[in-house]
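The lines below spell out each chain.
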Amino acid sequence: MSMKLSTEFAEKFYSEKALQDLVPEVEKAFATVKDHFKKGEDPIGWFSLPEDYDKEEFARIKTCAERIRKMCDVFVVIGIGGSYLGARAAIEFCQGVFHNQLRKDGPEIYFAGTSVDGDYLAELLQICEGKELCVNVISKSGTTTEPAIAFRVFRELIEKKYGKEEAKNRIFVTTDQKIKPGTLKEFATEEGYESFVVPGNIGGRFSVLTAVGLLPIAVSGADIDSMMRGAKEAKEEFADADFSANTCMQYAALRNLFYRQGKKFEMYAFYTPAMELMGEWLKQLYGESEGKDGKGIFPVSVIYSRDLHSLGQYVQQGERLMFETVLQIAHPKVKFDIPKSKANMDGLGYLEGRDMDFVNKNAFRGTALAHQDGGVATLVLELEKEDEANFGYMVYFFELACAISGYMLGVNPFNQPGVEAYKKNMFRLLGKPGYTN
């Protein structure tokens, strides 16, 4: 595995001297990541996770996932933010967008607790009607509004359907390790639910390779052993602080270089729909890590070529506020040839016998050239293929690059003080005790 970085479509927008001038700064930022990890400062346990994860819990996750796969038709995962995006991104990356419709074994997997929309919950309940059901609620405290409401709904459904005793075998909790009064952990212990740990030293947006993400991913049938091996390979590869050989450091430096040129937006672009949720995960990872103290690169994401028919005009000729980072897959899962047609009414005769990947790769190159001419720099990151090992590798790459980049920006990439602002207003408007006008 490797993460190849190409600057072919970006080099005209910066000088090699400007990039080299940043080398001492990026090396210092990388050293800061390592130093904070050694001192136990900040929730940075993800840094060594691929090597020192809890092997006993990992084995229990796999055993539990197999039991869930055999006992239910529908598996509902309840969580928001880091308790949701990473797992769903992994499942779609490894198992495909249509995994629920095409599953050969194991349950359909749906996600709840990501909003406070009653229509969504009502429709999901309709999907569950007449089907065997299991639930995994993921919340450190258990009091986050969106997942807490969804858990109330599905806990009631399961208890009515199966009774309280059987509910114990169908509700799984991923939460804080410590039993404290009024917490989800205390409730899970009292009710007898099997529980897994949200690590205290790993922030939610960095937690996809913990039980937070691994249980739903394993239930999908994905190979989480391979996923952790991929992450371990990335950790070993990017441990070397030699800038010239470390694509993770290079990527962090380049995005900061563009930011200092006034490029305030980074557009993550993917040429496969199976990576759409990867874009959502990246938006949380970088938006929550860097957007503070009046600083930060605003992350957005698109699926090409779909969004070339909606946002393409703006990207090509709108205000020059952005740079692009394209994540490419070198080898698709299947070879899909374009069929022959005697009529040729669509004018595609010149593509007959070609495969879709040939078209996709040239759509990418044509777009990158057009955007370059339009004044938009495009960085290209390339993975080998869409599988578990490459997903684990990719996750570690972006997490480390995010930490380095945050320190280069001069912010703490591991806190999120602004997240609580909307909650306080919402609680006050809802009349929650302790929140007054």
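Residues numbered from 1 in each chain as written. Predicted model: local features only at pLDDT ≥ 70, side-chain atom pairs only at ≥ 80, totals over all residues. Heavy atoms only, no water.

Visitor: Describe the sheet that holds strand β5 (residues 171-175), with residues and values.
Guide: On the basis of which strands lie adjacent, the open sheet formed by 5 strands has the order β3-β2-β4-β5-β6 and parallel pairing. In this open sheet, the two edge strands, each paired with only one partner strand, are β3 (108-112) and β6 (194-197). On average, each strand axis in the sheet is tilted by 20° relative to the strand beside it, whichever way the strands run. Pairing between strand β2 (residues 74-78) and strand β4 (residues 133-138): 5 bridges, direction parallel. The partner of Val77 across the bridge, within β4, is Asn136. Helix α10 (residues 184-191) contacts β4, β5 and β6 of the sheet and is inclined by roughly 150° relative to β5. (Pairing = 2+ DSSP bridges. Helix = DSSP H or I, 4+ residues; strand = E, 2+ residues; numbered from the N terminus. Axes fitted to C-alpha atoms, helices over the stretch in contact; angles between N-to-C directions. Contact = heavy atoms within 4.5 Å.)

Visitor: Run through the pairing of strand β10 (residues 378-383), naming residues and quoting values.
Guide: Where burial is concerned, most of β10 is hidden: 5 out of the 6 residues are buried. Relative to β10, strand β1 (residues 4-9) runs antiparallel, the two sharing 4 bridges. Each bridged residue has a counterpart across the sheet, and for Ser6 the counterpart in β10 is Val380. In the sheet, strand β9 (residues 322-329) pairs with β10 via 6 bridges, with the strands oriented parallel. Of the residues in β10, the one forming a bridge with Leu327 is Leu381. Regarding the hand of the β-α-β motif, the stretch spanning β9, helix α16 (residues 356-373) and β10 is right-handed. (Buried < 20%, exposed > 50% of the residue type's maximum accessible area, 1.4 Å probe, protein only. Right-handed = clockwise from strand over helix to strand, strands pointing away.)

Visitor: Before we move on, could you go through helix α11 (residues 211-219) and cite the residues and values that matter?
Guide: Within α11, 9 of the 9 residues are buried, leaving the element largely enclosed by the surrounding structure. Those residues of α11 not exposed but buried are Ala211, Val212, Gly213, Leu214, Leu215, Pro216, Ile217, Ala218 and Val219. Positive backbone phi, at 100°, marks Gly221, one or two positions downstream of α11.

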